[in-house]
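The primary structure of each chain is shown beneath.
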Amino acid sequence: MQTPIYDFISAYENKQPIRLHMPGHKGLGILGVENRDITEFFGADNLYHAEGIILESENNATSLFGTRHSFYSTGGSSQCIGAMLYLALLHHQKPSGRNVILAGRNAHKALLHAAAHLDLDIEWLYPKTKEHLCSCSVTPESLEEVLLNMKELPMAVYLTSPDYLGNMADIKGIADVCHELELPLLVDNAHGAYLQFLEPSMHPMALGADLCADSAHKTLPVLTGGAYLHVNETAMVSYETQARRALSFFGSTSPSYLTLQSLDLCNKWLLEDADFSSTVQMVAECKERLLAQNVTILPSEPLKIVLDCQKTGLSGFAMEEELLQENIVCEFADDEVVVCMISPMTEHMELAILEAVVAPFYEISDVVTELMFVEQALEHILEPIQKPTPTMQLVTHEQKMSIRNAMLSPSETIKTTESLGRICALPAVSCPPAIPIAISGEVITEDMMEQFLAYGIAEVDVVVTGSPVKSEE
Ligand SMILES: Cc1ncc(COP(=O)(O)O)c(C=O)c1O
């Protein structure tokens, strides 16, 4: 497979030109990659009007993902999520009334930023039973029930799959429900670019989503910021024609050519070298060995290992610390879980070390479970023994202002402990997972305050009381 962006820059570099253009480093610097970092001069194409090397490279990605077109982003999935909402607004806005997106409540904060920019409202889908902050199980049946009970259908349905814990939604069934009602399905597939390369493909494009955002940089060997906005072959043609306009609305006019080269080279790697089935097998075998050693692993997509730490008597945060002591840096931890992300670049030996460090903590897990049981039974007479706090859940709440109004209102930063009853101004999140516990415009409740503290959020931004932007009744 050709690598047009990479080749163009190699040829440019070989000519050793006098660089009288941006960037100011002129190809020199201590990072050692400045020589390959260029701007949009003659021949280098333009990401938002691509007709040369960038278009050629995107066409390679398009054939790998089997889409109508796969557009590059150097602003991560965040930029693509904004573009998906823009496209939904462009094509499906209501002649009167509010423009609403129906979204799973475990959405990344990029959704809120886009909603504020575009002045969209979001109606939230909640899981039927209480779940972890990062999860929101939506099934075709539960979605259909909600949609049929809405006074007016939304412009689009938006889901996060896989979620931060590796749970995957039934995208095919959900897409069928959406299409039956002529609604587009937008998927935040930030964690799932690699799903296209499984046999069979589990990628949202193969399963019928109309648009999706993939952070190439999260699961493929691509530099940070590299992402795809995919438009499905079966989706509206004008999504494709308007996609660059949508992406440019949320992006810098100076996209990183380092990231573009990395996306370009990734196409060649995917076609010629990538071997996801071996990696999937390696991870599955590692999970089996861990399970055999009593380690509790939550079900997830193939390239995540999600350790449930509750049986160890340690919190996820404490387990993360233990792993750090052994020079293992994980993706995410909270009170209950530790999330490890694997890719084809991960080596057998690295997983063996993870196993060796983690397994001993579960040797005493049966004893801890027994103790927790006894503690519950005799709670009133026993001193509490160390155990993680109960599962953190999403809570339903009151939306006092639109997301946009709340984000654009004068705000003040106050202590979380003093925030009860105030209107959240900026989405209150810890990062990762960057899933807002309180959404801009929502009234802060006791449950939310508990979650803020559990995620180490000591301060929150709230709308200044009596601010000129009126709250909506
Ligand atoms: C579920 C989810 N969606 C979207 C994003 C944003 O992706 P990016 O960092 O590529 O902009 C993230 C980032 O962690 C994420 O976890």
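Residues numbered from 1 in each chain as written. Predicted model: local features only at pLDDT ≥ 70, side-chain atom pairs only at ≥ 80, totals over all residues. Heavy atoms only, no water.

Q: Before we move on, can you summarise the pattern of salt bridges with the specific residues and values?
A: All told, the structure shown has eleven salt bridges when counted by the stated rule. Ionic pairing is found between Glu13 and Arg36, a salt bridge with its closest N-O pair at 3.3 Å. Note that Glu13 is positioned in helix 1 (residues 4-14) and Arg36 in the loop between helix 1 and helix 2 (53-65), a separation of 23 residues in sequence. By relative accessible area, Glu13 is classed as partly exposed at 24%. For Arg36, a relative accessible area of 16% corresponds to the buried category. (Salt bridge = Lys/Arg side-chain N within 4 Å of Asp/Glu carboxyl O. Helix = DSSP H or I, 4+ residues; strand = E, 2+ residues; numbered from the N terminus. Buried < 20%, exposed > 50% of the residue type's maximum accessible area, 1.4 Å probe, protein only.)

Q: Could you give an account of the layout of surface pockets, naming the residues involved and the relevant values?
A: Reported here for the largest pocket is a volume of approximately 420 Å³. Lining of the largest pocket is provided by 22 residues; of these, Val100, Asp121, Ile122, Glu123 and Gln399 occupy positions nearest its centre. Ranked by the residues each element gives to the lining of the largest pocket, the list is headed by strand 3 (residues 121-125), at four residues. Looking at the lining of the largest pocket residue by residue, the class counts come to nine nonpolar, four polar and nine charged. Taken together, domain 1 (4-272) and domain 3 (397-463) each give at least three residues to the lining of the largest pocket, which thus spans both. (1 Å grid on protein atoms, 1.4 Å probe; cavity = no way out; pocket = protein on both sides within 12 Å on 5 of 7 lines; lining within 4 Å. Points joined across faces, edges and corners; volume = space filled by probe spheres on them. Nonpolar A, V, L, I, M, F, W, Y, C, P; charged D, E, K, R; others polar. Domains from an automatic or database assignment.)

Q: Just give me the short version of the nonpolar core, but keep the residues and values in it.
A: Nonpolar side chains in soluble globular proteins generally cluster together in the buried interior. In terms of nonpolar packing, the biggest core is built from 97 residues, with Tyr158, Leu220, Tyr228 and Ile305 touching the most fellow members. Those residues within four positions of Tyr158 in sequence are excluded, and the remaining contacts are Ile81, Met84, Leu85, Ile101, Leu102, Ala103, Gly104, Ala107, Leu111, Leu186 and Asp188. (Core = buried A, V, L, I, M, F, W, Y, C linked by side-chain atoms within 4.5 Å. Contact = heavy atoms within 4.5 Å.)

Q: Please set out the packing of aromatic side chains residue by residue, giving values where relevant.
A: Tallied over the full model, the rule gives eleven aromatic pairs. With a centroid separation of 6.0 Å and an interplanar angle of 35°, the aromatic rings of Phe8 and Phe41 are classed as tilted. Residue Phe8 is found in helix 1, and its partner Phe41 is found in the loop between helix 1 and helix 2; the two are separated by 33 residues along the sequence. Each ring, one from Phe197 and one from Phe276, has its centre 5.9 Å from the other, and the planes form 20°; the classification is stacked. With Phe197 in the loop between strand 5 (185-188) and strand 6 (211-214) and Phe276 in helix 10 (residues 276-292), the pair connects residues that are 79 residues apart, well separated along the chain. Comparing Phe197 with Phe276 shows no difference in burial state: the two are buried. Taken together through their ring pairs, the aromatic side chains of Phe65, Tyr72, Tyr194, Phe197, Tyr228, Trp269 and Phe276 make up a single cluster. Over the ring of Trp124 we find Arg105; its NZ or CZ atom is 5.3 Å from the centre of that ring. (Phe/Tyr/Trp six-rings, centres within 6.5 Å; stacked < 30°, edge-to-face > 60°. Lys NZ or Arg CZ within 6 Å of the ring centre and 35° of its normal.)

Q: Go over the sheet that holds strand 3 with me, naming the residues and quoting the values.
A: Taken in spatial order, the seven strands line up as 1-7-6-5-4-2-3 in an open sheet, and their pairing is mixed. Sheet topology places strand 1 (69-73) and strand 3 at the edges, where each strand pairs with a single neighbour. Direction aside, the axes of adjacent strands within the sheet are offset by 20° on average. As defined by bridge partners, strand 2 (residues 100-104) adjoins strand 3 across five bridges and the pair is classed as parallel. Considered in strand 3, the bridge of Val100 is made with Asp121. Packing against the sheet, helix 4 (residues 109-118) makes contact with strand 2, strand 3 and strand 4 (156-160), and its axis sits at approximately 150° to strand 3. (Pairing = 2+ DSSP bridges. Axes fitted to C-alpha atoms, helices over the stretch in contact; angles between N-to-C directions.)

Q: Can you tell me about the domain arrangement of the protein chain, naming the residues and giving the values?
A: Looking at the protein chain, the domain boundaries give domain 1 (4-272), domain 2 (276-379) and domain 3 (397-463). Across the domain 2 to domain 3 interface the summed buried area is about 330 Å²; carbon plus sulfur atoms make up 65%. Three residues stand out in domain 2 for area buried against domain 3, namely Phe317, Phe332 and Asp334, and they jointly supply 75% of the buried area on that side. Inspection of the domain 2/domain 3 interface yields zero salt bridges. Residues that form the side of domain 2 that touches domain 3 fall into these classes: two nonpolar, no polar and three charged. (Buried area = accessible area lost by both parts, 1.4 Å probe.)

Q: An account of helix 6 (residues 171-180) is requested, with residue identities and associated values reported.
A: Within helix 6 the residues assigned to the buried category are Ile171, Gly173, Ile174, Ala175, Val177 and Cys178. After helix 6 finishes, the residue Glu182 shows a positive phi value of roughly 60°.

Q: So what about unusual backbone geometry? Which residues, and what values?
A: A cis amide bond, omega -5°, links Met22 with the succeeding residue Pro23. As for its position among the elements, Pro23 is in the loop between helix 1 and helix 2. The phi dihedral of Asn294 falls on the positive side, at around 80°, and the residue is not glycine. Tracing the sequence through the fold places Asn294 in the loop between helix 10 and strand 8 (297-298). A positive phi angle, near 70°, is found at Asn327, a position not held by glycine. By the element assignment, Asn327 lies in the loop between helix 11 (316-325) and strand 10 (332-333).

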